[in-house]
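Analysis of the macromolecular model
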Amino acid sequence: MGKALDGVRILDFTHVQSGPTCTQLLAWFGADVIKVERAGAGDITREQLRDIPDVDSLYFTMLNHNKRSVTIDTKNPEGKLVLEALIQKCDVLVENFAPGALDRMGFTWERIQELNPKMIVASVKGFGPGPYEDCKVYENVAQCAGGAASTTGFDDGPPVVSGAQIGDSGTGLHLALGIVTALFQRVSTGRGQRVLAAMQDGVLNLCRVKLRDQQRLERTGVMKEYPQYPNGTFGEAVPRAGNASGGGQPGWILKCKGWEADPNAYIYFITQAPVWAKICNVIGKEEWATDPEYATPAARLPRLKEIFAEIERWTMTKTKFEAMEILNKYDIPCGPILSMKEIAEEPSLRKTGTIVEVDHPLRGKYLTVGNPIKLSDSPTEVTRSPLLGEHTEEVMAELGYSLDQISALRVAGAI
Ligand code: COA
């Protein structure tokens with residue numbers, strides 16, 4: 001079966017996490033992704049957090065599946081010519097260098113347009129235009145500058161960053177959408193364009209509900225679904241919400257049987273209004289279903305702590321999976337706190353290709369996260385990440401270079 005992005009060629013000039021997550025997605029949808037790396041070194045993540053000496057790290061392998069790797073020294077004049085040939089052959093150039101690096105290399109937007117007016121140039125940067133536009137940025141800087149850290153954690157503690165890589169992988173996802181949208185527009189205009197996804201913007205987009213709450217707070221001075229209500233105080237900015245749900249149905253994380261020994265014996269429990277009577281039945285507080293102090297969502301808001309404490313008395317008598325089974329029977333929304341070990345071993349995730357086992361010639365078998373987006377007519381087959389420069393000769397030959405020319409470029413240190 002063909003793939004959605006068959007025939008699309010991506011010049012993948014990305015490194016670390018944000019850019020590579022984007023181009024990996026495009027590769028999974030069928031694009032030919034040619035990753036350009038520096039000879040001898042390659043993407044810095046090849047050697048970071050290594051678990052096996054001299055073997056590409058899981059950090060690298062898990063972000064660079066289904067790609068080809070070529071080595072080019074793009075600061076060498078002959079190397080630049082190879083990159084120019086690639087620019088002429090590809091549809092999209094994706095990069096996430098520090099601001100200005102591509103220009104310093106000599107590949108400005110104007111120069112790229114001269115070489116290939118149809119080329120789409122897609123970039124991840126830490127910040128958009130403004131006071132921080134020249135800054136280098138990593139994941140947690142973006143989480144802090146995008147509003148995630150100030151709103152995550154508990155009110156009596158410091159800001160907290162999330163384990164979800166919303167700054168890097170989140171921005172990679174945003175960029176991928178920008179690229180396919182630009183490819184779609186190119187069908188009618190025949191022209192390329194620049195696509196920018198700034199990490200601060202991507203994180204803020206994912207924190208949209210917190211900007212909603214900021215404005216609600218400024219208008220009313222209080223947020224009744226936050227754990228600070230009714231006994232705590234509210235300041236000028238949206239506070240950290242602990243484990244409160246970000247929406248209109250209050251929720252919290254509750255202990256389950258075994259919590260004393262297992263750090264993940266917890267469940268997320270949502271007191272969704274339409275199933276309130278069922279919740280009361282399950283936990284043995286039938287009278288709350290009709291008691292005016294508890295019967296309506298508005299009446300419950302000042303009592304959420306007491307209500308969740310009572311529900312927890314029930315969840316502590318069940319394992320998280322037993323609680324799930326019972327609550328699901330009554331359509332009560334809830335979710336177990338799953339450890340990475342439990343997720344890695346979950347058979348249904350293996351079956352859908354969300355967790356995939358991949359074989360690598362140097363490291364052997366390892367697990368990775370497959371394509372989380374499933375297209376019925378464009379299924380994803382995950383193949384291993386390339387070794388450094390594994391496809392240099394193959395790609396150079398496709399560009400029209402002879403074997404002698406390739407050898408000469410190697411000797412000159414251009415590839
Ligand atoms: N041949 C020759 N030179 C190459 C090359 C190649 N194939 N590939 C990269 N380089 C050069 C670049 O031109 C640059 O040179 P310059 O500084 O002389 O202009 C140099 O390598 C380093 O690039 P840079 O991007 O500055 O790397 P860094 O390791 O110092 O910084 C980041 C890393 C992630 C902080 C930075 O790239 C960045 O802020 N990127 C944008 C935001 C981002 O994506 N952050 C998240 C990463 S997960």
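For the structure itself, consult the block above.
Residues numbered from 1 in each chain as written. Predicted model: local features only at pLDDT ≥ 70, side-chain atom pairs only at ≥ 80, totals over all residues. Heavy atoms only, no water.

**Observations regarding the overall build of the protein**
Within the protein, the secondary structure is distributed over 17 helices and 11 strands. With respect to the three principal axes, the spread of C-alpha positions in the protein is 85 × 45 × 40 Å. Considering the protein as a whole, with its 415 residues, one finds that 45% of them fall into the buried category. In the protein, once contacts between residues fewer than 6 apart in sequence are set aside, the share between residues at least 24 apart is 65%. By element, 55% of the accessible surface of the protein is carried by carbon and sulfur atoms, the whole surface being about 20,800 Å². Taken together, the 45 basic and 52 acidic charged side chains of the protein have centroids lying 2 Å from each other. (Helix = DSSP H or I, 4+ residues; strand = E, 2+ residues; numbered from the N terminus. Buried < 20%, exposed > 50% of the residue type's maximum accessible area, 1.4 Å probe, protein only. Contact = heavy atoms within 4.5 Å. Areas by Shrake-Rupley, 256 points an atom, 1.4 Å probe, with all protein chains shown as cover. Lys, Arg positive; Asp, Glu negative; His and termini not counted. Charge placed at Lys NZ, Arg CZ, Asp CG, Glu CD.)

**Quick notes on the sheet that holds strand β3 (residues 67-71)**
Within the open sheet, the six strands sit side by side as β3-β2-β1-β4-β5-β6. Their pairing is parallel. Two strands lie at the open edges of the sheet, namely β3 and β6 (194-198), each paired on one side alone. Each neighbouring strand pair of the sheet contributes to a mean axis angle of 20°, computed without reference to strand direction. Across the face of the sheet, helix α3 (residues 77-89) comes into contact with β1 (9-13), β2 (32-37) and β4 (92-95) while running at roughly 140° to β1. Against the sheet, helix α7 (residues 169-189) contacts β4, β5 (120-125) and β6, and its axis sits at roughly 160° relative to β6. (Pairing = 2+ DSSP bridges. Axes fitted to C-alpha atoms, helices over the stretch in contact; angles between N-to-C directions.)

**Here's the deal with a nonpolar patch on the surface**
Taken together, the side chains of Leu173, Ile373 and Leu375 present a nonpolar region at the surface, about 220 Å² in accessible area. As for its position among the elements, Leu375 is in the loop between β11 (364-369) and α16 (392-398). (Patch = residues over 30% accessible without salt bridge, like charges linked within 9 Å, V, L, I, M, F, W, Y side chains within 5 Å. Salt bridge = Lys/Arg side-chain N within 4 Å of Asp/Glu carboxyl O.)

**Section: the pattern of salt bridges**
Taken as a whole and judged by the stated rule, the model has 24 salt bridges. One salt bridge connects Arg68 with Glu398, and the closest N-O pair in it is separated by 2.9 Å. Separated by 330 residues along the polypeptide, Arg68 in strand β3 and Glu398 in helix α16 bring together distant segments of the chain. Note that Lys365 is salt-bridged to Asp359, the shortest N-O span being 3.5 Å. Through salt bridges with shared partners, one network takes in Asp32, Arg68, Glu394 and Glu398.

**Some points on the environment of Gln228**
Relative to the elements of secondary structure, Gln228 occurs in the loop between α9 (208-220) and β7 (251-255). On the basis of relative accessible area, Gln228 is assigned to the buried category, the value being 5%. A C-alpha to C-alpha distance of 31 Å links Gln228 and Glu325, two positions 97 residues apart in sequence. The residues touching Gln228, leaving out its near neighbours within four places in the chain, are Asp155, Thr233, Phe234, Pro239 and Arg240.

**Thoughts on the site of the ligand**
By nearness alone, 23 residues border the ligand, and Lys75, Ala98, Arg104, Lys136 and Val137 come closest of all. A distance of 3.0 Å separates a nitrogen atom of the ligand from a polar atom in the backbone of Thr74. Between Asn96 and the ligand, the recorded distance is 2.9 Å, taken from a backbone N or O atom to a nitrogen atom. Contact with the protein chains covers 84% of the free accessible surface of the ligand, which is 940 Å². The residue makeup of the shell around the ligand, split by class, is 10 nonpolar, six polar and seven charged. (Near = heavy atom within 4 Å. Polar contact = N/O pair within 3.5 Å; in protein donor to acceptor, adjacent residues only side chain to side chain. Nonpolar A, V, L, I, M, F, W, Y, C, P; charged D, E, K, R; others polar.)

**A few points about the packing of aromatic side chains**
In this structure the tally under the stated criterion is five aromatic pairs. An angle of 45° between the planes, with centres 5.1 Å apart, marks the rings of Phe127 and Tyr132 as tilted. Here Phe127 falls in the buried class, since its relative accessible area comes to 9%. Judged by centre distance (4.4 Å) and plane angle (10°), the ring pair of Trp288 and Tyr294 falls under stacked. Taken individually, Trp288 and Tyr294 each receive the classification buried, so the pair is uniform in this respect. (Phe/Tyr/Trp six-rings, centres within 6.5 Å; stacked < 30°, edge-to-face > 60°.)

**Comments concerning the pairing of β4**
Judged by which residues are buried, β4 turns out to be covered on both faces: Val92 and Val94 on one side and Leu93 and Glu95 on the other are all buried. Relative to β4, β1 is paired through four bridges, and the arrangement is parallel. When the bridges of β4 are listed, Phe13 appears paired with Glu95. Two elements, β4 and β5, share four bridges in a ladder whose sense is parallel. The partner of Val92 across the bridge, within β5, is Ile120.

**Description of the nonpolar core**
By size, the foremost hydrophobic cluster in this structure holds 35 residues, and its most contacted members are Ile10, Leu26, Val94, Leu175 and Ile179. Secondary structure elements with two or more residues in this core: α1 (18-28), β4, β5, α7, β6, α8 (199-206) and β10 (355-360). The residues touching Leu26, leaving out its near neighbours within four places in the chain, are Leu5, Ile10, Ala31, Val33, Ala176, Ile179 and Val180. Leu93, Trp109, Met119 and Leu409 belong to the second-largest nonpolar core, a separate cluster that totals 30 residues. (Core = buried A, V, L, I, M, F, W, Y, C linked by side-chain atoms within 4.5 Å.)

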